[in-house]
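An overview of the molecular structure
So the chains spell out like this:
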There are 4 protein chains.
Amino acid sequence: MNTFGHLFRVSIFGESHGVQIGITIDGCPAGLPVSANDFTTDFNRRRSGSKGTTPRQETDIPKIVSGVFNDITTGAPITILFDNNNTRSRDYSNLIDTPRPGHADFVASQKFGGYEDYRGGGHFSGRITLGLVAAGVIAKKLIDPVRVEAKILEIGGQKDIEKAIDLAVEKKDSVGGIIECTASHMPVGLGEPFFYPVEAAISHIIFSVPAIKGIEFGAGFAAAAMWGSEHNDKFVTTSGKTSTNNAGGINGGISNGNDLLFRVVVKPTSSTHQPQHTLNMKTGEMVNLEIEGRHDTCIALRIPVVIEAATAIVLADLMMLEQRISRRL
Amino acid sequence: MNTFGHLFRVSIFGESHGVQIGITIDGCPAGLPVSANDFTTDFNRRRSGSKGTTPRQETDIPKIVSGVFNDITTGAPITILFDNNNTRSRDYSNLIDTPRPGHADFVASQKFGGYEDYRGGGHFSGRITLGLVAAGVIAKKLIDPVRVEAKILEIGGQKDIEKAIDLAVEKKDSVGGIIECTASHMPVGLGEPFFYPVEAAISHIIFSVPAIKGIEFGAGFAAAAMWGSEHNDKFVTTSGKTSTNNAGGINGGISNGNDLLFRVVVKPTSSTHQPQHTLNMKTGEMVNLEIEGRHDTCIALRIPVVIEAATAIVLADLMMLEQRISRRL
Amino acid sequence: MNTFGHLFRVSIFGESHGVQIGITIDGCPAGLPVSANDFTTDFNRRRSGSKGTTPRQETDIPKIVSGVFNDITTGAPITILFDNNNTRSRDYSNLIDTPRPGHADFVASQKFGGYEDYRGGGHFSGRITLGLVAAGVIAKKLIDPVRVEAKILEIGGQKDIEKAIDLAVEKKDSVGGIIECTASHMPVGLGEPFFYPVEAAISHIIFSVPAIKGIEFGAGFAAAAMWGSEHNDKFVTTSGKTSTNNAGGINGGISNGNDLLFRVVVKPTSSTHQPQHTLNMKTGEMVNLEIEGRHDTCIALRIPVVIEAATAIVLADLMMLEQRISRRL
Amino acid sequence: MNTFGHLFRVSIFGESHGVQIGITIDGCPAGLPVSANDFTTDFNRRRSGSKGTTPRQETDIPKIVSGVFNDITTGAPITILFDNNNTRSRDYSNLIDTPRPGHADFVASQKFGGYEDYRGGGHFSGRITLGLVAAGVIAKKLIDPVRVEAKILEIGGQKDIEKAIDLAVEKKDSVGGIIECTASHMPVGLGEPFFYPVEAAISHIIFSVPAIKGIEFGAGFAAAAMWGSEHNDKFVTTSGKTSTNNAGGINGGISNGNDLLFRVVVKPTSSTHQPQHTLNMKTGEMVNLEIEGRHDTCIALRIPVVIEAATAIVLADLMMLEQRISRRL
């Protein structure tokens, strides 16, 4: 089930320590200018290196091997590849017997019978999201003038994000956070009843991003404590603008022309320098766990651009379904 | 996009005041006993009539017209129909010009060019969820011994639910609530990377249920303020049971054998007896809005069984993908 | 797998002797006039009664229960039902042990474990194609000005069709035939590489029609004995018209603006009044087979309108993919 | 629409003269041994070089970049890439104005607005089938003991194939042919009513192979001239073996345990050394056409292994749907 979308379709592949990772984008209209430079800004935003992120550094150079000719999309499937050139070869095979808490080690081993590529998280690694970001760069161009922006609202329960990171580094632990995403200049009418409303489409792809454990639209969970008269957004223009946006820009699953607005929660990175223990699943013995390797104190810092990408991909699909993007640009 | 699922597939159709509503279930294995009585309990739980729910009473008698022979599924598509016999004929056509705040009136009119069946919410009506509940009854049988249970956690921000309803009735307003859903006796290994992890599959169908505006798994949004060492669930048995369930029974998108656990927020019913106004979208004039008709003070009261149904449908699909349900029972 | 299509999607259900059969059409644009009368001509063409067809007479009255409001499509799923009111109650259960040669009895019993509805062919019955014809009526309106026409080329190897039928009736045997289908006023550009070329899309749905065992486009099998210089259709206009149509209107899987042209072969009806024998699958004994019941001497006579319907459904899907049909008419 | 299959899914990408072509196989069970050597035999069969085939020589070395670890499938998507290292750089851009008869030049230009990669046939090139053959190698292992074999029945209307090729070379023209494919050791019960019967599934992928213009199962078109009593295959064993195989191993769209049997027609190669002319689509002038380049006198010679691959891919999908292949080997 490595494919998402109905008309603008992305298929993802690769493992953290495999030869290459990549993504294929099928259904992208012909005539869209795409060049390697287009990816730089978003790749930099996703890249690690700043405080709170892993020191593993990848070059992240996109190799577009199909679907683009003379820097313009052809209408054929676009495949973009990335080398995995900064992998450290060490032995991960013990993860099958002694899975790390909070990671996918245990479930992967059970699901794939021990045949999974367990190195560096394998196919479950956040590394895979690089392909999503690449597809997001193309999707963002396609959905113009709709504009998607995601930002961190809080880290570790605090608004002062730098302080939260400092505290986590000091405590040698990891932290999560909350990200808010907005899409402005939205058209009315995106989303398909009954099983492809905007919230369903977005949440489907968003939960495919590792570490996301919750999503809420507009007023979200706070709506449970509001009166209906208070929650209902009042129309203020004949084009459908409302005075508030408790609905997050969506009524009945269909975009209403106001900003699309949602928040997601990113759980704390499972890898932490805190002492932990786990079970040896063969012997039943408790064992101390030392997670060496390089990892993010707060993976949430790198996720806003991934959320933007996922959102842009969904919007491209919904806009094509609504015939708001032409097949030939 | 009226179909959901890969192997256990449901297709929904109908409008609130149309001739019939219904659902087709494709891919259900042959050999499952199904009779009309099986639906009674869940239909009663969904039915209105108690305090806080609409006085519109439907008989909700399932007409199974295909796919079941001698009270056993045949392996062919199962279609279940319901008559709409308690509709009140009045004029809803003004909703196109003066859409109700918080409803789908405005977006439906824009999306379908005024051709939509606007009576009683049409295809956007909560009435349509009756088909989902019917499919859920069949799905629940199929996924046995996995057992799904949803219950209300709070209404209008309060744990005392009766008091919250009384207050809303007194204030002539509507309220929302929070529902928690658990699936126990879960197998390890459900969910498919990259684009059909358990959270994505569940959220996709759950957001197809009208009025849902948020979902969180396990610790959910609270995870943003937890340390990684605190959030990581510790293994306590070699079958993968953990001492806590902050992951909601899912790691890396794959079920880990612990209870599946999530919560959803139901927004307050958009229809309320409070005085409201709206815009006439043709003239731009502000107009007073009187929502007559019968409606629910708190639609959340009727939704737990719908959430259960949607969850059971997803689990049936995921279990069939994982070959945990045979094609011939 | 009871659904076909990407944007114009049809889902079929029902059994020959069940309560009702039907079809759901999802994705049909809003604003298309549809009334019960529209179906009469095509239903009459499919109906039995003339020489060579079964005397089983169905009333074939379409019950449109959703998706049409005031005789115009709403954009929501359209479900059309048909009562099965001319079924003869006799015992078909012996078909599980002693399956009829050429029928689906044996495979159905093996696939569905004996739980299948075996009465009158059950879900494998040609009766089910009535829903296809209904969807075809709507699709034909949608694809206008493209016009689909299918006709019988030969029956039992003869161009004189009446004579062929007479001979078969006299010999108390059944016969098949060849049907040719043409779609005129075709746009250029339908079909999607790599896996949804026009030939693939058409053959997929056409082979879903019972009794079809072959399909060929343009020159078809005769192309195997032609020179390339002879087979290549020469361009004669700048809009792409060619002097011959050996390609059947399709190059590289994409429509080229010439008439779409293909032929299908319909095998002889499996039921025949000729003495036959079969095996008792439980005992291994050879048994004489008497197929009573009513059946078609030549089912091919009733199939042209089904082929037209299937073709129109595919073309509607392909034209929507190519944005040649608007979502709001 | 570059993806085919429900559970065993293949996604294809690339152009004849692009950087790389490739295929992604999603849904392949974990635990299947796969190494580079496995591909040699089938790649050699597809490769050109013998009389009647193009002198363009590709090295065809598969680069497996994901989904295989220690020469065993992991359960994650398998991506296999191939370099395009034998492309000749010349100017193909005139094909947009003066499209070659019988090729996809005209339709590609119309469909993709002139943005298509027209070099060497671009995405429409037979080169792309290399990925299919690679996926077929894996599928063949998976469906064991089912065994697929395709062979040439006739070329240019003759059984003496060498003579037919000699004649074509002498006449400086191209020829087509007929290929027969058989799958033996078939299980009973593959195929899904209503829209995924075996014939539909096979024809769908087979028509995605360039140059195929017809397909027939079992007796095929000859069935139109047979009596029903003659066409019906008689059961001879209680496991369903029949004395003849007019049905091609399929009743009611479901495999009956006899050999799957079908034939396809391959049209003559469009490129030929015969003098041809075409239209300049901008000016309307007739122009002489000289197709230089290297091309196959008879592409049919290279297609049997492609047909086998496509068939094996379909059977893998159908067998997984029927749970005849485990998710963990």
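A short tour of the structure in this document, coming up.

Reading the values: rules and limits
- Going along each chain's sequence as written, the residues are numbered from 1 onward.
- Chains and ligands are labelled by the order in which they are written, letters from A for the one and numbers from 1 for the other.
- Totals for whole chains, interfaces and linings use every residue, but because this is a predicted model, local features are given only for residues with pLDDT of at least 70 and side-chain atom pairs only at 80 or more, for both listing and counting.
- Side-chain measures were taken over the full set of non-hydrogen atoms in the model, leaving aside hydrogen atoms and water.
- Working definition of a nonpolar core: buried Ala, Val, Leu, Ile, Met, Phe, Trp, Tyr and Cys residues. They are joined through side-chain atoms within 4.5 Å.
- Think of it in three bands: residues with accessible area under 20% of the maximum for their type are buried, residues over 50% are exposed, and the middle band is partly exposed, with areas taken using a 1.4 Å probe on protein chains only.
- Contacts: residue pairs with any heavy atoms within 4.5 Å of one another.
- Stacked, tilted and edge-to-face pairs are distinguished by plane angle, under 30 degrees for stacked and over 60 for edge-to-face with tilted covering the rest, among Phe, Tyr and Trp rings (Trp via its six-membered ring) whose centres lie within 6.5 Å.
- A run of H or I in DSSP counts as a helix once it spans at least four residues, and a run of E counts as a strand once it spans at least two, with each numbered from the N terminus.
- All copies are superposed by least squares; the fitting set is the C-alpha atoms of residues with a pLDDT of at least 70 in both.
- Throughout, buried area stands for the accessible area (probe radius 1.4 Å) lost by two parts on being put together, summed over both.
- Only one rule defines a salt bridge in this text: a Lys or Arg side-chain nitrogen within 4 Å of an Asp or Glu carboxyl oxygen.
- For this analysis, a polar contact is any N or O atom pair within 3.5 Å, provided that within protein one partner can donate a hydrogen and the other can accept it, and provided that sequence-adjacent residues contribute only side-chain to side-chain pairs.
- Only when DSSP finds a minimum of two bridges between them are two strands counted as paired.
- Fitted lines through C-alpha atoms serve as axes, helices being fitted only where they are in contact, and the angles separating the N-to-C directions of these axes extend from 0 to 180 degrees.
- For this classification, under 35 degrees means roughly parallel, over 145 means roughly antiparallel, 65 to 115 means roughly perpendicular, and everything else is oblique.
- For any pair of crossing helices, the crossing counts as left-handed if the nearer helix is rotated counterclockwise from the farther one by less than a right angle, and right-handed if it is rotated clockwise.
- Here, a disulfide means two cysteine sulfur atoms that sit within 2.5 Å of each other.
- Just so you know the grouping, Ala, Val, Leu, Ile, Met, Phe, Trp, Tyr, Cys and Pro go in nonpolar, Asp, Glu, Lys and Arg go in charged, and all remaining residues, Gly too, go in polar.

**A short note on the nonpolar core**
- Core analysis: the largest hydrophobic core is formed by 317 residues, its most contacted members being F8 of chain A, F8 of chain B, F8 of chain C together with F8 of chain D.
- With residues up to four places along the chain from it excluded, the contact list for F8 of chain C reads I25, D26, C28, A135, I138, A139, L142, I313, A316, D317 and M320 of chain C.

**Quick notes on the packing of aromatic side chains**
- Applying the stated rule across the entire model yields 34 aromatic pairs over all chains.
- Measuring from centroid to centroid gives 5.9 Å for F221 of chain C and F221 of chain D, while their planes differ by 65°, and the two rings are edge-to-face. With F221 of chain C in the loop between β10 (212-217) and α7 (228-231) and F221 of chain D in the loop between β10 (212-217) and α7 (228-231), this pair bridges two chains.
- Accessibility expressed as a relative area gives 15% for F221 of chain C, which makes it buried.
- In this structure an aromatic cluster arises from ring pairing among F4 of chain A together with F194 and F195 of chain B.

**Side note on the relation of the copies chain A and chain B**
- Here chain A sits on chain B after a turn of 180° about the axis and a move of 0.0 Å along it, with an RMSD of 0.0 Å. The relationship between the two copies is best expressed as a two-fold rotation axis.
- Take the interface residues of chain A: 100% of them recur as interface residues in chain B, which is what a same-surface contact looks like.

**Details of the relation of the copies chain A and chain D**
- Superposing chain A onto chain D requires a rotation of 180° together with a translation of 0.0 Å along the rotation axis, leaving an RMSD of 0.0 Å.
- Comparing contact sets, 100% of the residues at the interface of chain A also lie at the interface in chain D, consistent with an isologous, same-surface contact.

**A look at the interface of chain A and chain B**
- Contacts between chain A and chain B engage 102 residues on the former and 102 residues on the latter.
- Buried area between chain A and chain B, both sides added, is near 8,000 Å², and the carbon and sulfur share of it is 70%.
- Looking only at chain A, the three residues that lose the most surface to chain B are M1, F194 and F195 of chain A, adding up to 12% of its buried area.
- For the pair chain A and chain B, the number of links is six salt bridges.
- K111 of chain A serves as the salt-bridge partner of E192 of chain B, at 3.0 Å between the closest nitrogen and oxygen.
- Here chain A is connected to chain B by 39 residue pairs in polar contact (both at pLDDT 80 or more).
- Note: strand β10 (residues 212-217) of chain A against strand β10 (residues 212-217) of chain B, three bridges, orientation antiparallel.

**What to know about the packing of helix α4 (residues 129-143) of chain D against helix α8 (residues 304-321) of chain D**
Residue and element names in this part refer to chain D.
- As a packed pair, α4 and α8 sit with axes 7 Å apart at the nearest point and diverge in direction by 50°. Between α4 and α8, the angle falls in the class oblique. The crossing of α4 and α8 is left-handed. On the side of α4, the interface is formed by T129, L132, V133, A135, G136, A139, K140, L142 and I143, while α8 contributes V305, V306, E308, A309, A312, I313, L315, A316 and M319.

**Examining the state of the cysteines**
- Summed over the entire model, instances satisfying the criterion amount to zero disulfides over all chains.
- We note that C298 of chain B lacks a disulfide partner, and the nearest cysteine sulfur, in C181 of chain B, lies 17 Å from it.

**Comments concerning unusual backbone geometry**
- For the bond running from D144 of chain B to P145 of chain B, omega is 15°, close enough to zero to count as cis.
- Inspection of the secondary structure assignment puts P145 of chain B in the loop between α4 (129-143) and β8 (147-155).
- Looking along the chain, the bond that leaves P193 of chain C and enters F194 of chain C is cis, with omega of 0°.
- Relative to the helices and strands, F194 of chain C resides in the loop between β9 (177-184) and α6 (198-206).
- With a phi close to 55°, N70 of chain B is a non-glycine residue in the positive phi region.
- Position of N70 of chain B among the secondary structure elements: in the loop between β5 (68-69) and β6 (72-73).

**Notes on the pattern of salt bridges**
- Under the criterion given, the structure shown has 98 salt bridges over all chains.
- Salt-bridge contacts for E199 of chain A lead to K213 of chain B; the nearest nitrogen and oxygen are separated by 3.1 Å. One end of the pair, E199 of chain A, is in helix α6 (residues 198-206); the other, K213 of chain B, is in strand β10, on a second chain. The exposure classification of E199 of chain A matches that of K213 of chain B, with both residues buried.
- It is possible to trace a salt-bridge network through shared partners that takes in K111 of chain A, E192 and E322 of chain B together with R327 and R328 of chain D.

**Notes on the side chain of S271 of chain C**
Residues and elements named next belong to chain C.
- Secondary-structure assignment places S271 in the loop between β13 (260-266) and β14 (276-279).
- Relative accessible area serves as the criterion here: at 8%, S271 is assigned to the buried category.
- Of the polar contacts made by the side chain of S271, one reaches the side chain of H103; its length is 3.1 Å.
- The residues contacting S271, other than those within four sequence positions of it, are R100, H103, S174, I291, H295 and D296.

**Examining the interface of chain A and chain D**
- Facing the 43 residues of chain A at the interface are 43 residues of chain D.
- Together chain A and chain D conceal approximately 3,200 Å² of surface at their shared face, both sides included; 60% is due to carbon and sulfur atoms.
- Joining chain A to chain D, the criterion identifies eight residue pairs in polar contact (both at pLDDT 80 or more).
- Counting only elements with at least two residues in the side of chain A that touches chain D, the list comes to β2 (9-13), β3 (20-26), β4 (63-66), β6 (72-73), β7 (78-83) and α3 (105-112) of chain A.
- Counting residues per element, the side of chain A that touches chain D draws most heavily on β2 of chain A, at four residues.
- Broken down by class, the residue content of the side of chain A that touches chain D amounts to 17 nonpolar, 17 polar and nine charged.

**Here's the deal with the pairing of β3 of chain A**
Residue and element names in this part refer to chain A.
- Across the seven residues that make up β3, a large majority, seven, are buried.
- Residues Q20, G22, T24 and D26 line one face of β3 and the alternating positions I21, I23 and I25 line the opposite face, and both faces are buried.
- Two elements, β2 and β3, share five bridges in a ladder whose sense is antiparallel. Residue pairing for β3: I12 is matched across the bridge by I23.

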